[in-house]
Amino acid sequence: MNAVANIGRITLEWLRSFGHAAMFFVEVLRHCPAALRRFSLVVAQVHAIGNLSLVIILSSGLAVE
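Peer 1: Mind showing me how you'd approach the overall build of the chain here?
Peer 2: From N to C terminus, the chain includes two helices and zero strands. Taken over the C-alpha trace, the chain has a radius of gyration of 20 Å; the compact-globule value for 65 residues is 11 Å, which it surpasses by more than 25%. Its C-alpha atoms give the chain principal-axis dimensions of about 55 × 45 × 5 Å. Per element, the accessible surface of the chain, about 6,000 Å² overall, is 74% carbon and sulfur.

Peer 1: How should the environment of Ile57 be read in this particular structure?
Peer 2: As for its position among the elements, Ile57 is in helix α2 (residues 39-64). C-alpha of Ile57 to C-alpha of Glu27: the two residues are 30 residues apart in sequence and 29 Å apart in space.

Peer 1: Quick question: what am I supposed to make of the pattern of salt bridges here?
Peer 2: Where charged atoms from two side chains of opposite charge come close, those side chains can pair. With the rule as written, the count across this model stands at two salt bridges. With a closest N to O distance of 2.5 Å, Arg16 and Glu13 form a salt bridge. Here Glu13 and Arg16 lie together in helix α1 (residues 2-37), a separation of three residues that amounts to about one turn. Residue Arg16 is classed as partly exposed on the basis of its relative accessible area, which comes to 44%. Measuring nitrogen to oxygen at the nearest pair gives 2.8 Å for the salt bridge that ties Arg30 to Glu27. Taken together, the residues Arg30 and Glu27, both in helix α1 and three residues apart, mark about one turn of the helix. With a relative accessible area of 54%, Arg30 lands in the exposed category. Looking at Glu27, the relative accessible area reads 32%, which means it is partly exposed.

Peer 1: Just checking my understanding: could you explain a nonpolar patch on the surface for this structure?
Peer 2: Taken together, Leu36, Phe39, Val42, Val43 and Val46 make up a surface patch of nonpolar side chains, about 460 Å² in accessible area. No other element matches the four residues that α2 contributes to the nonpolar patch. Of note, Val43 is situated in helix α2. Among the residues examined, Val43 registers a relative accessible area of 42% and is labelled partly exposed.

How each quantity is defined
- Residues numbered from 1 in each chain as written.
- Predicted model: local features only at pLDDT ≥ 70, side-chain atom pairs only at ≥ 80, totals over all residues.
- Heavy atoms only, no water.
- Helix = DSSP H or I, 4+ residues; strand = E, 2+ residues; numbered from the N terminus.
- Rg over C-alpha atoms; globule rule 2.2 N^0.38 Å.
- Areas by Shrake-Rupley, 256 points an atom, 1.4 Å probe, with all protein chains shown as cover.
- Salt bridge = Lys/Arg side-chain N within 4 Å of Asp/Glu carboxyl O.
- Buried < 20%, exposed > 50% of the residue type's maximum accessible area, 1.4 Å probe, protein only.
- Patch = residues over 30% accessible without salt bridge, like charges linked within 9 Å, V, L, I, M, F, W, Y side chains within 5 Å.

So this is what it looks like as structure tokens:
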């Protein structure tokens, strides 16, 4: 009986995770038109985040070595 309960628990956890991912995807799609209207701002933000992340990654890599 525990095997059946474990299968049910694992299945419910998978469905819950899938549901969270699906709701996140729906929210992303819902906000896409607003972001596409300001595409240049999105590109500038991604560029700024990428540059700042690179400095953090490099300093972390140097600290590990």
